Amino acid sequence: MRYDTKITFYRDETKYNPKTSKREHVLNAFTRFANVTDLGTAKQVELLGKISQGTKTIRLPSKNVAEWDYLTIMGDHTHYKFKSSIKVLKGFAMIVGEDNG
């Protein structure tokens, strides 16, 4: 399996700034290479119970990923959120769907 697609994970954190006495948003990002495929309609119904547009399967070499809020694939502007994980023999696989919010 080739991990040839660049995935960027984002984490939106709020931190208190004592100088301004306000909370500020800080967007942290980190990248990993993964194998990305579209999730077929039969598998969507089996795993998710419904058919969703823009659902992808992402396979990583390991589950060694920090907490994240959303991800982008290959620098695209579409945001994807976690939907489910899949038990696989090697590495880690998850199902993500387009974030419409």
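Everything here concerns the structure above.
Each residue is numbered by its place in its chain's sequence as written, counting from 1. With pLDDT at 70 or above as the cut-off, local features in this predicted model cover only qualifying residues; side-chain atom pairs require 80 or more to be listed or tallied, and sums for whole chains, interfaces and linings still use all residues. Processing note: side-chain calculations cover all non-hydrogen atoms of the structure and skip hydrogens and water entirely.

Asks: I keep staring at the pattern of salt bridges and nothing clicks. Help me out?
Replies: For side chains of opposite charge, pairing can occur when their charged atoms come near one another. Salt bridges are identified by distance alone: a Lys or Arg side-chain nitrogen within 4 Å of an Asp or Glu carboxyl oxygen. Evaluated as defined, the whole model comprises 3 salt bridges. Close ionic contact of Asp 69 with Arg 11 constitutes a salt bridge, the shortest N to O distance being 3.3 Å. You can see Asp 69 sitting in the loop between β3 (56–60) and β4 (70–73) and its partner Arg 11 sitting in strand β1 (residues 5–17), a full 58 residues away along the chain. Between Asp 38 and Lys 56 there is a salt bridge whose closest N-O contact spans 2.7 Å. With Asp 38 in strand β2 (residues 22–38) and Lys 56 in strand β3, this pair connects stretches of sequence that are 18 residues apart. Note on Asp 38: relative accessible area 58%, which makes it exposed. Overlapping salt bridges bring together Arg 11, Glu 67 and Asp 69 as one network. A run of DSSP states H or I qualifies as a helix once it reaches four residues; a run of E qualifies as a strand once it reaches two. Both are numbered from the N-terminal end. Buried, partly exposed and exposed residues are distinguished by accessible area as a fraction of the type maximum, computed with a 1.4 Å probe on protein chains only: under 20%, between the cut-offs, and over 50%, respectively.

Asks: It is not clear to me how the environment of Met 1 should be interpreted in this structure. Could you clarify?
Replies: For Met 1, the location among the structural elements is in the segment before β1. Once the C-alpha coordinates of Met 1 and Asn 35 are considered, the two residues, 34 residues apart in sequence, prove to be 7.3 Å apart. Not counting the four nearest positions on each side in its chain, Met 1 is found in contact with Asn 35 and Arg 59. The contact definition used throughout considers only heavy atoms, calling two residues in contact when any of these lie within 4.5 Å.

Asks: What am I meant to see in a nonpolar patch on the surface here?
Replies: Patch definition: residues with relative accessible area over 30% and no salt bridge; like charges joined within 9 Å; nonpolar side chains (Val, Leu, Ile, Met, Phe, Trp, Tyr) joined within 5 Å. Here the open area of atoms and residues is found with the Shrake-Rupley method and a 1.4 Å probe, where only the protein chains shown may cover a residue. There is a patch of nonpolar side chains on the surface, built from Met 1, Tyr 3 and Phe 33 and spanning about 350 Å² of accessible area. Relative to the helices and strands, Tyr 3 resides in the segment before β1. Exposure remark for Tyr 3: the relative accessible area of 32% places this residue in the partly exposed category.

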